[in-house]
Amino acid sequence: MIDWENLGFGYIKTPYRYRTHWKEGQWDAGGLTEDNQLVISEASPALHYGQQCFEGLKAYRCQDGSINLFRIEENAKRLNRSARRLLMPEVPEDVFIEAVKEVVKANEAFIPPYGTGGTLYLRPLLIGVGDMIGVHPAKEFIFTVFCMPVGAYFKGGLVPTPFIVSEYDRAAPYGTGAAKVGGNYAASLLPGQEAKANHFSDCIYLDPATHTKIEEVGSANFFGVTKDGSFITPKSPSILPSITKYSLLQIAEERLGLKAVEGDVYIDDLDRFSEAGACGTAAVISPIAGIQYGDDYHVFYSETEVGPMTMALYEELTGIQFGDRPAPAGWITKLA
């Protein structure tokens, strides 16, 4: 029996996952399986050369019992952008979407009830497999989608936390920063561990070319609300194009009356921001209390309270996802 009120963010085996195999130029029929083990060659390029990419999205239980999927087409498109960057076959968007729907329906009993703050987290994964020991693209690939129930990211509600600017680079200029590939996350483990050891939530990465502009916050995107009413997120070819970020840009402008801007955020120009946060699928929004940069610690709205615009953004977006507020056209896929 699952304790819905005390779910964390960890792996829980659910009954069904989707799997399909690409070989000799085409995907097979694919389908659901109860087997949560992948048996692959020891020479698979995914293991040696990192030829793999993934996605993360959620299914939401609404008050009327129905199920919402949020902007699923954008996840399908982003997976294929990552696949193209790593010379992997694209997963047709209709196959991706149908796979996610099948997995959600087959594991519906594991969607946390409305009101608990929990969701069903889905992980689509594309990996290069087969006997290929040279540095070459794989000749075979596996696409799978599995899921697990996860709890609300913040148990006591949103709480601002401190971050520190890292001396490490998250990704190289013109590298794979804009693709959702495992290597980007592996590279972030050491900087993140060092930040936490120094009592920060995570680290902030500057642009790898000049080290003057904020790019990402741990494994999430950065945003700031300026004192004159603009919602700003960094723009760079090495930033992962976050679906949450682009949703917040639209909400900020169309529903909250802010000017939405995607542009440079210089680390030495933080005084113009009244609020700041990190955004992504897992936490939706993580309020930033302050940023440590060298000897300077810059505090935003408060070290203990969430800023009003940050809270409004969070409530509007989660309201859309859980079906409590009207969604822009095309954002919600409804499952009965």
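What you see is a predicted model, and the numbers here were worked out from it, not measured in a lab. (Residues numbered from 1 in each chain as written. Predicted model: local features only at pLDDT ≥ 70, side-chain atom pairs only at ≥ 80, totals over all residues. Heavy atoms only, no water.)

1. A few points about the overall build of the chain
Alright, step 1. The helix and strand inventory of the chain stands at six helices and 18 strands.
Alright, step 2. Residues classed as buried in the chain amount to 51% of the 336 residues present.
Alright, step 3. Counting every atom, the chain has about 15200 Å² of accessible surface; 51% of that belongs to carbon and sulfur. (Helix = DSSP H or I, 4+ residues; strand = E, 2+ residues; numbered from the N terminus. Buried < 20%, exposed > 50% of the residue type's maximum accessible area, 1.4 Å probe, protein only. Areas by Shrake-Rupley, 256 points an atom, 1.4 Å probe, with all protein chains shown as cover.)

2. As for the packing of aromatic side chains
Alright, step 1. On inspection of all chains with the given rule, the structure shows ten aromatic pairs.
Alright, step 2. Taking the centre distance of 5.1 Å and the plane angle of 80° together, the rings of Y60 and F322 count as edge-to-face. Remark: F322 occurs in the loop between α6 (308-321) and β18 (332-335) and Y60 occurs in strand β5 (residues 57-61); sequence separation between them is 262 residues. Neither Y60 nor F322 differs from the other in exposure class; each is buried. (Phe/Tyr/Trp six-rings, centres within 6.5 Å; stacked < 30°, edge-to-face > 60°.)

3. Topic: unusual backbone geometry
Alright, step 1. The phi angle at E24 is positive, at roughly 55°, despite the residue not being glycine.
Alright, step 2. Mapped onto the elements, E24 comes out in the loop between β1 (17-23) and β2 (26-27).
Alright, step 3. For E24, a relative accessible area of 74% puts it in the exposed group.
Alright, step 4. The backbone of Y174 shows a phi angle near 65°, a positive value even though the residue is not glycine.
Alright, step 5. As for its position among the elements, Y174 is in the loop between β9 (161-165) and α4 (182-197).

4. Considering the UniProt feature "modified residue: N6-(pyridoxal phosphate)lysine" (unreviewed entry) in the chain
Alright, step 1. In this structure's numbering, the residues bearing the UniProt feature "modified residue: N6-(pyridoxal phosphate)lysine" (unreviewed entry) are K180.
Alright, step 2. Tracing the backbone shows K180 in the loop between β9 and α4. (UniProt positions renumbered as here; feature names shortened; annotations may be inferred.)

5. Describing a nonpolar patch on the surface
Alright, step 1. Among the surface-exposed residues, Y49, I133 and V135 lie close enough to one another that they form a single nonpolar patch of about 330 Å² accessible area.
Alright, step 2. With respect to the helices and strands, V135 occurs in the loop between β7 (119-129) and β8 (140-150). (Patch = residues over 30% accessible without salt bridge, like charges linked within 9 Å, V, L, I, M, F, W, Y side chains within 5 Å. Salt bridge = Lys/Arg side-chain N within 4 Å of Asp/Glu carboxyl O.)

6. With respect to the packing of helix α5 (residues 243-254) against α6
Alright, step 1. Following both chains from N to C, one finds α5 and α6 inclined at 110°, their axes separated by 10 Å at the closest point. By the criterion of interaxial angle, the relationship of α5 to α6 is roughly perpendicular. The interaxial crossing formed by α5 with α6 has right-handed handedness. Residues T244, S247, L248, I251 and A252 of α5 form the contact with α6, whose participating residues are L313, E316, L317 and I320.
Alright, step 2. Among the residues forming the contact of α5 with α6, the class breakdown is six nonpolar, two polar and one charged. (Axes fitted to C-alpha atoms, helices over the stretch in contact; angles between N-to-C directions. Parallel < 35°, antiparallel > 145°, perpendicular 65-115°, else oblique. Left-handed = near helix turned anticlockwise from the far one by under 90°. Contact = heavy atoms within 4.5 Å. Nonpolar A, V, L, I, M, F, W, Y, C, P; charged D, E, K, R; others polar.)

7. Focus on the nonpolar core
Alright, step 1. With 33 residues, the main nonpolar core has F96, V100, V104, L122, L126, F143 and V145 as its most contacted residues.
Alright, step 2. Sorting elements by how many residues they give to this core places helix α3 (residues 93-106) first, with six residues.
Alright, step 3. When neighbours within four sequence positions are excluded, F96 is seen to be in contact with L57, I72, N75, A76, L79, V91, P124 and F143. (Core = buried A, V, L, I, M, F, W, Y, C linked by side-chain atoms within 4.5 Å.)

8. A closer look at the domain arrangement of the chain
Alright, step 1. Assigned domains within the chain: domain 1 (17-150) and domain 2 (161-322).
Alright, step 2. Relative to domain 2, the C-alpha centre of domain 1 lies at a distance of 26 Å.
Alright, step 3. With 26 residues of domain 1 in contact, the opposing surface of domain 2 contributes 21 residues.
Alright, step 4. With both chains or domains summed, domain 1 and domain 2 bury close to 1800 Å², and 61% of this area falls on carbon and sulfur atoms.
Alright, step 5. Counting the surface domain 1 buries against domain 2, the share from its top three residues, F54, F70 and R78, is 32%.
Alright, step 6. Counting across the domain 1 and domain 2 interface gives ten residue pairs in polar contact (both at pLDDT 80 or more).
Alright, step 7. Looking at the side of domain 1 that touches domain 2, the elements that each hand over two or more residues are β4 (52-54), β5, β6 (67-70), α2 (72-85) and β7.
Alright, step 8. Ranked by residue count, the leading element in the side of domain 1 that touches domain 2 is α2, at six residues. (Domains from an automatic or database assignment. Buried area = accessible area lost by both parts, 1.4 Å probe. Polar contact = N/O pair within 3.5 Å; in protein donor to acceptor, adjacent residues only side chain to side chain.)

9. Some details on the pattern of salt bridges
Alright, step 1. Using the criterion set out here, one finds eleven salt bridges in the structure.
Alright, step 2. Two residues, R84 and E90, come together in a salt bridge whose shortest N-O distance is 3.0 Å.
Alright, step 3. Residue classification places R84 among the partly exposed positions, given a relative accessible area of 46%.
Alright, step 4. D264 is the partner of K213 in a salt bridge, and the nearest nitrogen-oxygen pair spans 3.7 Å. Here K213, found in the loop between β10 (202-206) and β11 (214-217), pairs with D264, found in the loop between β14 (259-263) and β15 (273-280); they are 51 residues apart in sequence, far enough to count as distant.

10. Focus on the environment of G8
Alright, step 1. Locating G8 in the fold gives a position in the segment before β1.
Alright, step 2. When the C-alpha positions of G8 and P149 are compared, they lie 8.7 Å apart, and in sequence the two are 141 residues distant.
Alright, step 3. Once residues lying within four places of it in the same chain are set aside, the contact partners of G8 are V150 and G151.

11. Things to note about the environment of I127
Alright, step 1. Positionally, I127 belongs in strand β7.
Alright, step 2. When the C-alpha positions of I127 and C53 are compared, they lie 6.7 Å apart, and in sequence the two are 74 residues distant.
Alright, step 3. When sequence neighbours within four positions are dropped, the list of residues in contact with I127 reads L38, I40, A46, Q51, Q52, E140, F141 and I142.

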